Amino acid sequence: METVEAPVKAPAKKEKKLRKIMIINSKATIDSVYAALILANGARMEGIESEIFCTFFGLEMLQKEKMDHLHVATVGNPGLHIPTMIGGLPGMETLASAMMRKEMDKLDIPPVSEFLEIYKASGGKVFACKLAMEMFHLEKKDLWDDLDDVLTVGDFYNRADEEGTQIIFV
């Protein structure tokens, strides 16, 4: 009599759940800043912990004087579908930025300062990069009042050291 062995079951896959999203923003263009805010806020709406870390030019989204006056990059931006030479003409950046803001207003997308307040009220966290602040000679008083903290890159990575954490660079 021949014995039949039961098939060996593969071990059950452990479900990996996204628990925390950490977004690095290094640019000051409207599309980059709003991408970071929309992704971070969307995570909060899904019950996912989220943080935004602003470094280099991304610090402009936190600068009180600049946060609501960001522009669209018109030179070398393939998404605009205009030649670089035309994008560099005087007034093109202002025109493209005004057009983008007009479309965002139609969709009721708030200005950066208001969007940050909404995000923060949902439990989101916002951090500034210490090295970038030193490079651009910025002080904490120059930045958005509700900033959670100024971090080194090491501090940032320590905050990411949890299972279920993903880092996104915009």
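Refer to the structure above for everything that follows.
Throughout this description, residue numbers start from 1 for each chain and increase along the sequence as written. Restriction of local features to residues with pLDDT of at least 70 applies here, the model being predicted, together with a cutoff of 80 or more for giving and counting side-chain atom pairs; totals for whole chains, interfaces and linings are based on all residues. Think of the side-chain values as coming from all heavy atoms in the structure, minus any hydrogens and water.

**Student:** I tried to follow the overall build of the protein chain on my own but got confused; where do I start?
**Tutor:** Scanning the protein chain from N- to C-terminus turns up six helices and five strands. Numbering of helices and strands starts at the N terminus; helices are DSSP runs of H or I of at least 4 residues and strands are runs of E of at least 2. For the protein chain, the succession of helices and strands along the chain, N to C, is β-α-β-α-α-α-β-α-β-α-β. Along the longest, intermediate and shortest principal axes, the C-alpha atoms of the protein chain span 90 × 40 × 30 Å. Within the protein chain, contacts between residues at least 6 apart in sequence are counted, and of these 71% link residues at least 24 apart. Each accessible area value is a Shrake-Rupley result obtained with a 1.4 Å probe; residue values ignore everything except the protein chains displayed when judging cover. With an accessible surface of roughly 11000 Å², the protein chain has 58% of that area assigned to carbon and sulfur atoms. Residues counted as positive are Lys and Arg, residues counted as negative are Asp and Glu, and His and the chain ends are not counted. Working definition for charges: the position is that of NZ of Lys, CZ of Arg, CG of Asp or CD of Glu. Averaging the coordinates of the 20 positive side-chain charges in the protein chain and doing the same for the 27 negative ones gives two points 3 Å apart. Only heavy atoms enter the contact rule, under which two residues are in contact if any of them lie within 4.5 Å.

**Student:** So what exactly am I meant to see when it comes to the nonpolar core here?
**Tutor:** As a rule of thumb, soluble globular proteins bury nonpolar side chains together. Within the largest apolar cluster, 42 residues are counted, with the highest numbers of intra-cluster contacts made by L37, L59, L62, V112 and L116. Secondary structure elements with two or more residues in this core: β1 (20-25), α1 (30-45), β2 (49-54), α3 (92-106), α4 (112-121), β3 (125-129) and α5 (130-135). Looking at which element gives the most residues to this core, the answer is α1, with seven residues. In contact with L116, not counting residues within four places along its chain, are L37, M61, L62, M67, V126 and W144. Each nonpolar core is a collection of buried residues, namely Ala, Val, Leu, Ile, Met, Phe, Trp, Tyr and Cys, held together in the definition by side-chain atoms within 4.5 Å. Here the term buried applies to any residue with accessible area under 20% of the maximum for its type, exposed to any over 50%, and partly exposed to those in between, with areas from a 1.4 Å probe on protein chains only.

**Student:** Got a minute to help me understand the pattern of salt bridges in this structure?
**Tutor:** Working definition: two side chains of opposite charge can pair if their charged atoms are close together. Just to be clear on terms, a salt bridge is a Lys or Arg side-chain nitrogen sitting within 4 Å of an Asp or Glu carboxyl oxygen. Under the definition given, this model contains 10 salt bridges. Put simply, E60 and K66 hold a salt bridge, and the shortest N to O gap is 3.6 Å. Accessibility expressed as a relative area gives 22% for E60, which makes it partly exposed. In this structure, K64 engages D145 in a salt bridge whose closest nitrogen and oxygen atoms are separated by 2.8 Å. Of the two residues, K64 sits in the loop between β2 and α2 (84-87) while D145 sits in the loop between α5 and β4 (149-151), which places them 81 residues apart along the sequence. Classification of K64 by relative accessible area gives partly exposed; the value is 39%. Look at D145 and you get exposed, because its relative accessible area is 64%. Each member of the salt-bridge network shares a partner with another, and the members are K20, E49, E51, R159 and E162.

**Student:** Would you take a moment to explain the sheet that holds β1 for this structure?
**Tutor:** Within a sheet, adjacent strands bond to each other through the backbone by hydrogen bonds, running parallel or antiparallel. Two strands pair if DSSP finds at least two bridges between them. An order of β4-β3-β2-β1-β5 is seen for the five strands of this open sheet, with the pairing classed as parallel. Of all the strands in the sheet, the pair left with one neighbour each is β4 and β5 (165-169). The mean angle between the axes of side-by-side strands here comes to 25°, regardless of whether they run parallel or antiparallel. With six bridges joining them, β1 and β2 adopt parallel strand pairing. Within the sheet, the bridge partner assigned to K20 lies in β2 and is E49. Convention adopted: a line fitted to C-alpha atoms gives each axis, helices being fitted over their contacting stretch, and angles between N-to-C directions are expressed from 0 to 180 degrees.

**Student:** Hey, could you run me through the environment of M104 in this one?
**Tutor:** With respect to the helices and strands, M104 occurs in helix α3. The exposure class of M104 is buried, given its relative accessible area of 10%.

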